[in-house]
Amino acid sequence: MNLPHPPTVREVLWRGVRRRCGRCGERAQFSGWFRLHERCSCCGVRFAREEGFFTGVYLVNYTATAVLLVGMLMAYLTVSVAGDNGGEGLTAWMLGAVAIAVIVPAVTYPIAATTWAAVDLLLRPLEPLEEAEAALWARGDHDEGSHGEGRPGTASGPPSEPGPPEVEPPQST
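Residues numbered from 1 in each chain as written. Predicted model: local features only at pLDDT ≥ 70, side-chain atom pairs only at ≥ 80, totals over all residues. Heavy atoms only, no water.

### So, the nonpolar core
Counting residues in each nonpolar core, the largest one holds 17 residues, and the members touching the most others are C21, C40, V45, F47 and V57. Sorting the residues of this core by element identifies α2 (53–82) and α3 (90–123) as the ones contributing at least two each. With near-sequence residues (within four places) excluded, F47 lies in contact with C21, Q29, L36, H37, E38, R39, C40, F53, A117 and D120. Membership of the second largest hydrophobic core comes to five residues, among which are W93, A97, I100 and V104. (Core = buried A, V, L, I, M, F, W, Y, C linked by side-chain atoms within 4.5 Å. Buried < 20%, exposed > 50% of the residue type's maximum accessible area, 1.4 Å probe, protein only. Helix = DSSP H or I, 4+ residues; strand = E, 2+ residues; numbered from the N terminus. Contact = heavy atoms within 4.5 Å.)

This is the structure:
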């Protein structure tokens, strides 16, 4: 895929926040709420470009949850210091915090995954080999049912490496 112009940092991040491919802006990058396709269905870019990719996703998700929990803590402290908590005790605030800690990561996971893929693309632009693989995949050199699960030109994985040459045993005389 030949992109018309390289996207700006703002465009790439905004695409990620909207659950789109950071490179081309294509939608539908998930096959379920928690299952990110291996590659973009349009431009072929691989989202998890190296082992440990999802550590960054967890970091984005954790940051969103922590910011909300700290905001809730500040609200509780403000209400408590003002002495106007309306008879609400700590229990209600704690239940709210537990709800945030459980619900927010599940709800924001897809946003965190595509946002981190966009950040990764910004921090580490595609190498020539990755560009070539993406172009092959976008051109159609892949298994249609895999959503990019394999390498270009194969249905299930990387191409097999040629083995050592066959050596004939020495002839005894």
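### Let's talk about a nonpolar patch on the surface
On the surface, W33, F34, V98, V102, I103 and V107 cluster together into a nonpolar patch covering about 600 Å² of accessible area. Summarising the element assignment, V102 is placed in helix α3. The exposed category is assigned to V102, whose relative accessible area is 56%. (Patch = residues over 30% accessible without salt bridge, like charges linked within 9 Å, V, L, I, M, F, W, Y side chains within 5 Å. Areas by Shrake-Rupley, 256 points an atom, 1.4 Å probe, with all protein chains shown as cover. Salt bridge = Lys/Arg side-chain N within 4 Å of Asp/Glu carboxyl O.)

### Considerations on empty space enclosed by the protein
Tallying each qualifying case throughout the model produces one cavity of 30 Å³ or more. By volume, the largest cavity amounts to about 50 Å³. Surrounding the largest cavity, C21, G22, R23, V45, R46, F47, R49, A117, D120 and L121 form its lining. Looking at the lining of the largest cavity residue by residue, the class counts come to five nonpolar, one polar and four charged. (1 Å grid on protein atoms, 1.4 Å probe; cavity = no way out; pocket = protein on both sides within 12 Å on 5 of 7 lines; lining within 4 Å. Points joined across faces, edges and corners; volume = space filled by probe spheres on them. Nonpolar A, V, L, I, M, F, W, Y, C, P; charged D, E, K, R; others polar.)

### Looking at the layout of surface pockets
Its boundaries defined by the atoms lining it, the largest pocket holds a volume of some 200 Å³. Together, ten residues line the largest pocket, and P7, R23, L121, P125 and L126 are the ones closest to its centre. Here the lining of the largest pocket is composed, by residue class, of eight nonpolar, no polar and two charged. Lining the second largest pocket are eleven residues, with R46, R49, L129, E130 and E133 sitting closest to its centre. Its residues assigned to classes, the lining of the second largest pocket shows three nonpolar, no polar and eight charged.

### Re α3
Residues separated by three or four positions in an α-helix point in the same direction, a consequence of the helix having 3.6 residues per turn. A rise of 1.5 Å per residue sets the reference length of α3, with its 34 residues, at 50 Å; its end C-alpha atoms lie only 43 Å apart and thus fall more than 12% short of the reference. A bend of about 55 degrees at Y109 is the largest found in α3, and the proline P110 appears one to four places after it. (Expected span 1.5 Å × (residues − 1). Bend = angle between axes of the 7 residues up to and from the residue.)

### Describing α2
The end-to-end C-alpha distance of α2, which contains 30 residues, comes to 44 Å, matching closely the 44 Å that a straight helix rising 1.5 Å per residue would cover. Turning to α2, its buried residues number three or more, namely F53, G56, V57, N61, T65 and M72. Residues of α2 that are buried in the fold lie against α3. The first or second residue beyond α2 is G83, which carries a positive phi of 75 degrees.

Nothing here speaks to function; it is geometry throughout.
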